[in-house]
Amino acid sequence: MYVSFNIIGRNIKQARKAAHLTQEQAAERVGLSALHYGRIERGQRQVSLKQLARIGTALGTPFEALLADCILDQENVASVLEAAADQPKGCAEYALILLDQYREQLKAYALKLEQTDARR
């Protein structure tokens, strides 16, 4: 499974434009620097769930709309969606993003271990 932060950034940009805000205005409402906020919109920075929730609130956009179509690989997604079927809307998307971020952290940790072993 791959979560596209480029697509999330695109969704944030569309929501910001719909709210008739500049990047600077949106960044100020969210409590981020304009530089950091711009990088999120361009998909150059991974946005945390907390930041995504603040962005949605600041732009008056549901959290789910910011996550729309961000999952590019649908492998194993059906089981997560089924497990979250009785949960409030958006829970499945949260779970998928958390799983993806956890997977990336594990890959980074494994790489660090390999590099440490190679130095020995």
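Model, not experiment: these values are computed from the prediction.

Asker: Could you give an account of the packing of helix α3 (residues 34-41) against helix α4 (residues 49-59), with specific residues and numbers?
Answerer: Orientation of α3 relative to α4, taken along the N-to-C sense of each, is 95°, at an axis distance of 13 Å. In terms of axis orientation, α3 runs roughly perpendicular to α4. Here His 36, Tyr 37 and Ile 40 of α3 lie close against α4, whose contacting residues are Gln 51, Ile 55 and Leu 59. Residues of the contact of α3 with α4, tallied by class, amount to four nonpolar, two polar and no charged.

Asker: Now, about α4: what can you tell me, with residues and values included?
Answerer: Along α4, the positions that sit buried rather than exposed are Gln 51, Leu 52, Ile 55, Gly 56, Ala 58 and Leu 59. Each buried residue of α4 lies within a common arc of 165° when the element is viewed along its axis, so the set occupies one face. Opposite the buried face of α4, at more than 90 degrees from it, the exposed residues are Lys 50 and Thr 57. Elements in contact with the buried residues of α4: α1 (5-18), α2 (23-30), α3 and α5 (63-67). Remark: Gly 60 follows α4 within two positions and exhibits a positive phi of approximately 65°.

Asker: Give a detailed account of the environment of Asn 11, specifying residues and quantitative values.
Answerer: With respect to the secondary-structure elements, Asn 11 resides in helix α1. Its relative accessible area of 7% is what places Asn 11 among the buried residues. Each C-alpha atom, one on Asn 11 and one on Leu 67, is 7.3 Å from the other, the two residues being 56 residues apart in sequence. A distance of 3.1 Å separates the side chain of Asn 11 from the backbone oxygen of Leu 66, its partner in a polar contact.

Cut-offs applied
Residues numbered from 1 in each chain as written. Predicted model: local features only at pLDDT ≥ 70, side-chain atom pairs only at ≥ 80, totals over all residues. Heavy atoms only, no water. Axes fitted to C-alpha atoms, helices over the stretch in contact; angles between N-to-C directions. Helix = DSSP H or I, 4+ residues; strand = E, 2+ residues; numbered from the N terminus. Parallel < 35°, antiparallel > 145°, perpendicular 65-115°, else oblique. Contact = heavy atoms within 4.5 Å. Nonpolar A, V, L, I, M, F, W, Y, C, P; charged D, E, K, R; others polar. Buried < 20%, exposed > 50% of the residue type's maximum accessible area, 1.4 Å probe, protein only. Arc of directions from axis to C-beta. Polar contact = N/O pair within 3.5 Å; in protein donor to acceptor, adjacent residues only side chain to side chain.

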